[in-house]
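Below are the chains, spelled out letter by letter.
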Amino acid sequence: MTGYSPARQFQQRSGERAPAGSSPAAQKSRPGAPRITALGGGQGLSASLSALRRLTNELTAVVTVADDGGSSGRLRTELGVLPPGDLRKALAALCGDDDWGRTWSEVIQQRFTGDGDLGGHAVGNLLIVALWEKLGDPVEALNWVGRLLNVQGRVLPMSAVPLDIEAEVRGHDPARPHELTAVRGQASVAVTPGTVQSVRLLPEEPPAVPEAVEAVLEADWVVLGPGSWFTSVLPHLLVPELAKALVETRARRLLTLNLAPQPGETEGFSPQRHLDVIADHAPDLAVDAVLVDERAVTGGAFGLADLAGLEKAAERMGAALVLGRVARADGTPRHDPELLAAAYDRIFRTHGRIGPWR
């Protein structure tokens, strides 16, 4: 893709020239890169990481561990381990941009076919679980996988214990549209009929991984979203130590909205409702900027949004509303990594910093 390149813009501003033939990783390793911690899970976090890696190699992904479906669900049920799927996706998004990295990214995403015991399992899930069992330390095991894949950054679980999500859903039974029902499990919540009112984690008040808390406290920017709102974005705000760190960190905080409501989980939600949900679950959390795709809220997937109401909802969180073009041009509700990187770069440069970049 041609046009704006954040890496090139950084070089032009600083007067640096990348050595001929240098790799993208080498170009990003220059002093002064912002330290960024991204929170989320699944495809949403992968999209954010694919963009952020264009700006810095001082990048940490903190990943939700509540998946209970597919290969991840089978492994956590059979072996009692953390669900590895979202961690695997984050690692794949950060694989080195060379033949080695691209090949390993494809390998760990490869799924076995057939009806046997391996059918449906992703290679990367089995690799991660094998290292967990060998080393007995989920963080150190992920560090080993990261070194094998030559990832540009670091991937951490948000908690060292597998979690369940329980949602309070109104109208889960269409015959009783006003009745509240408890729906348990990430896979079930993601496709539930009715309207999700709130979510909680089980066990309640789970311990955070200390390295994840440290990454939030030491960041220049913390990026939350995009992703499945109730099952990938909100869970980080329900881990007490992580929520406390998000409130106390000196980092700036950026919230990235989705490009469309998610069928089941947030079907019928307006962009403003997405912000209100965050505020309801984490009333002490202040945000510095909210990034929204301008086409999604001006007649796109969200219809014609109430921009004045959306701006006020952002202001109630302490945030500036930032409109930009971050979606792919093919009309699908997917982020374009280059456009998203450019939007992130503009926000990081224009919405304040905590001291100079290192």
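Residues numbered from 1 in each chain as written. Predicted model: local features only at pLDDT ≥ 70, side-chain atom pairs only at ≥ 80, totals over all residues. Heavy atoms only, no water.

Re the sheet that holds strand 2 (residues 59-63)
- Strand order across the open sheet formed by 7 strands is 3-2-1-7-8-9-12, with parallel pairing between neighbours. Across the chains shown, the open sheet's two edge strands, defined by having one partner strand only, are strand 3 (154-157) and strand 12 (320-324). Each strand of the sheet is rotated relative to its neighbour by a mean of 20°, with strand direction disregarded.
- Summarising the sheet, strand 1 (residues 36-40) and strand 2 pair through 5 bridges and their orientation is parallel. Residue Gly40 lies in a different strand from strand 2, and its bridge partner there is Val63.
- Packed on one face of the sheet, helix 10 (residues 210-217) meets strand 1, strand 2, strand 3 and strand 7 (221-224) and runs near 125° to strand 3. (Pairing = 2+ DSSP bridges. Helix = DSSP H or I, 4+ residues; strand = E, 2+ residues; numbered from the N terminus. Axes fitted to C-alpha atoms, helices over the stretch in contact; angles between N-to-C directions. Contact = heavy atoms within 4.5 Å.)

Regarding unusual backbone geometry
- For the bond from Leu202 to Pro203, the omega torsion is -5°, close enough to zero to count as cis.
- Looking at where Pro203 falls in the secondary structure, it is placed in the loop between strand 6 (195-202) and helix 10.
- A cis geometry characterises the amide bond from Gly225 onward to Pro226, with omega recorded as 0°.
- In this model, Asn150 sits at a positive phi of 55°, which is unusual for a non-glycine residue.
- Within the element layout of this structure, Asn150 appears in the loop between helix 8 (138-149) and strand 3.

What about the layout of surface pockets?
- Volume-wise, the second largest pocket comes out at about 150 Å³.
- Of the residues that constitute the lining of the second largest pocket, the class distribution is 5 nonpolar, 3 polar and 3 charged. (1 Å grid on protein atoms, 1.4 Å probe; cavity = no way out; pocket = protein on both sides within 12 Å on 5 of 7 lines; lining within 4 Å. Points joined across faces, edges and corners; volume = space filled by probe spheres on them. Nonpolar A, V, L, I, M, F, W, Y, C, P; charged D, E, K, R; others polar.)

Here's the deal with the pattern of salt bridges
- This structure, assessed with the given rule, holds 18 salt bridges.
- Between Arg176 and Glu179 there is a salt bridge whose closest N-O contact spans 3.5 Å.
- Residue Arg176 is classed as partly exposed on the basis of its relative accessible area of 48%.
- For Glu179, a relative accessible area of 34% gives the class partly exposed.
- Its salt-bridge partner being Asp276, residue Arg316 comes within 3.6 Å of it at the nearest N-O pair. Here Asp276 lies in helix 13 (residues 271-281) and Arg316 lies in helix 14 (residues 307-316), a separation of 40 residues in the sequence.
- Each of Arg35, Glu58 and Glu218 takes part in one network of salt bridges that share partners. (Salt bridge = Lys/Arg side-chain N within 4 Å of Asp/Glu carboxyl O. Buried < 20%, exposed > 50% of the residue type's maximum accessible area, 1.4 Å probe, protein only.)

Let's talk about the packing of helix 3 (residues 42-52) against helix 15 (residues 337-350)
- Between helix 3 and helix 15, the least distance of the axes is 8 Å, while the angle of their chain directions is 70°. Taken together, the axes of helix 3 and helix 15 lie roughly perpendicular to each other. Helix 3 and helix 15 meet at a crossing whose hand is right-handed. The segment helix 3 lies against helix 15, with Ala47, Ser48, Ser50, Ala51 and Leu52 engaging Pro337, Leu340, Ala341, Tyr344 and Phe348.
- A class-by-class count of the residues in the contact of helix 3 with helix 15 yields 8 nonpolar, 2 polar and no charged. (Parallel < 35°, antiparallel > 145°, perpendicular 65-115°, else oblique. Left-handed = near helix turned anticlockwise from the far one by under 90°.)

Some details on the packing of aromatic side chains
- Summed over the entire model, instances satisfying the criterion amount to 4 aromatic pairs.
- Here the aromatic rings of Trp221 and Phe348 are separated by 5.0 Å at their centres, their planes lie at 40°, and the arrangement is tilted. Within this pair, whereas Trp221 is found in strand 7, its partner Phe348 is found in helix 15, the two being separated by 127 residues in sequence. Neither residue differs from the other here; Trp221 and Phe348 are each classed as buried.
- Each ring, one from Phe230 and one from Phe269, has its centre 6.0 Å from the other, and the planes form 80°; the classification is edge-to-face. One end of the pair, Phe230, is in helix 11 (residues 229-233); the other, Phe269, is in the loop between strand 8 (252-256) and helix 13, and 39 residues separate them in sequence. For the residue pair Phe230 and Phe269, the accessibility class agrees, reading buried in each case.
- The structure contains a cluster of three or more aromatic residues connected by ring pairs, namely Trp221, Tyr344 and Phe348.
- Over the ring of Trp144 we find Arg147; its NZ or CZ atom is 4.6 Å from the centre of that ring. (Phe/Tyr/Trp six-rings, centres within 6.5 Å; stacked < 30°, edge-to-face > 60°. Lys NZ or Arg CZ within 6 Å of the ring centre and 35° of its normal.)

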